[in-house]
Amino acid sequence: MGRSIQDRMMGFLIAAEECSSSQELSRRFHGLVADLGVGSSSAVALVGADSQFDVSFGEISQKWAIHYMRENFSRHDPVFKNIKLRGTSGYWDEHLKDARILRQGERVMSEARDFGFTDGYTRLIRAENGSVFLLCLHGDKLDRSPEARALFRTAGTVFVEEGSKLMSAVRRRSMLAGLTPRQMEI
C-alpha cells in the first residue's frame, strides 16, 4: 500500500478542504479507498435540506446506479432496510447478520453481485447542515483491517461533509445566476 493509512488519511483531510468541486473531491476520496478493495464509492442525501435537491456524489458505476433506481431497489435492499431499522453501520455482512432477507432482497444482492459488488461498507452520516447521507462503498472484497475500518469511517465523514458544502455552494451559485445585479446587492 505504500504510505500508511494514517498518512494517507491526513493527506486526504488536507486535500478535501481544497477541492473546488464534488467531482474532484469524489476522485480524491475514491483514490484513497480504491486499494482497500473499493470499486465504487458514493454519498446520497436521504434526509434534510440536501435531499430536496437529489444530492449525490461519488465514483459509482452509472450502469448500476441507473439499474438500482429503475428497479426501485431501495424498497427491497436488505442492507438499506437494516440501516433504517437498526441504525447499523459497517460491512454488509454485519448489517445482514441475523436479518431476515426476503426474495426481493435476495434479488437486489444477486444483481449487485452481477455488477461486481459482492462486499460493501455502508453507514449513515449527518452533515453539519442537518442532512443525513448514506455513504456506500462497494467492491469485490473490502479490506477488513481495523485501520481500513477507521479510514472508511473517518474519511467517509470528511467526504460527506465536504461534498455537502460543495453541493450547497453549487446550488447557491445557480440560484444567484438568475438575479439582477440590484437583486444580488439587496
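Residues numbered from 1 in each chain as written. Predicted model: local features only at pLDDT ≥ 70, side-chain atom pairs only at ≥ 80, totals over all residues. Heavy atoms only, no water.

Chemist: For the environment of Glu18, give the residues involved together with the corresponding values.
Modeler: Within the secondary structure, Glu18 sits in helix H1 (residues 5–18). Separated by 144 residues in the primary sequence, Glu18 and Glu162 place their C-alpha atoms 9.5 Å from one another. (Helix = DSSP H or I, 4+ residues; strand = E, 2+ residues; numbered from the N terminus.)

Chemist: Residues and numbers for the nonpolar core, please.
Modeler: Grouped together as the largest cluster of nonpolar side chains are 31 residues, with contacts concentrated most on Phe12, Phe29, Leu137, Leu151, Phe152 and Phe159. Broken down by element, the residue count for this core peaks at 9 residues, all from helix H7 (residues 146–177). Dropping the residues within four chain positions of it, Leu151 is found in contact with Ile5, Met9, Leu32, Val33, Leu36 and Gly156. With 14 residues, the next largest nonpolar core counts Trp64, Val108, Ala112 and Phe117 among its residues. (Core = buried A, V, L, I, M, F, W, Y, C linked by side-chain atoms within 4.5 Å. Buried < 20%, exposed > 50% of the residue type's maximum accessible area, 1.4 Å probe, protein only. Contact = heavy atoms within 4.5 Å.)

Chemist: Describe the layout of surface pockets, listing the residues and the values that go with them.
Modeler: Space inside the largest pocket adds up to approximately 870 Å³. The wall of the largest pocket is formed by 36 residues, among which Ser42, Val44, Ile60, Tyr68 and Met69 lie closest to the centre. For the lining of the largest pocket, the elements supplying multiple residues, two or more each, are helix H2 (22–33), strand S1 (38–47), strand S2 (56–59), helix H3 (62–70), helix H4 (78–86), helix H6 (103–114) and strand S5 (132–139). Sort the elements by how many residues they give to the lining of the largest pocket and H3 lands first, with 6 residues. Grouping the amino acids of the lining of the largest pocket by side-chain chemistry returns 21 nonpolar, 11 polar and 4 charged. Roughly 160 Å³ of volume is contained in the second largest pocket. Lining the second largest pocket are His76, Pro78, Lys81, Asn82, Leu85, Arg86, Ala99, Arg100, Ile101, Leu102 and Gly105. (1 Å grid on protein atoms, 1.4 Å probe; cavity = no way out; pocket = protein on both sides within 12 Å on 5 of 7 lines; lining within 4 Å. Points joined across faces, edges and corners; volume = space filled by probe spheres on them. Nonpolar A, V, L, I, M, F, W, Y, C, P; charged D, E, K, R; others polar.)

Chemist: Hey, could you go over the sheet that holds strand S3 (residues 90–91) for me, with residue numbers and the actual values?
Modeler: Sheet strands pair by backbone hydrogen bonding; their relative direction is either parallel or antiparallel. The strand order S2-S1-S5-S4-S3 describes an open sheet built from 5 strands, whose pairing is antiparallel. The sheet is open, and its two borders are formed by S2 and S3, each paired with just one other strand. Bridge count for S1 against S5 is 8 bridges, and the pairing is antiparallel. What sits directly across from Ser40, in S5, is His138. (Pairing = 2+ DSSP bridges.)

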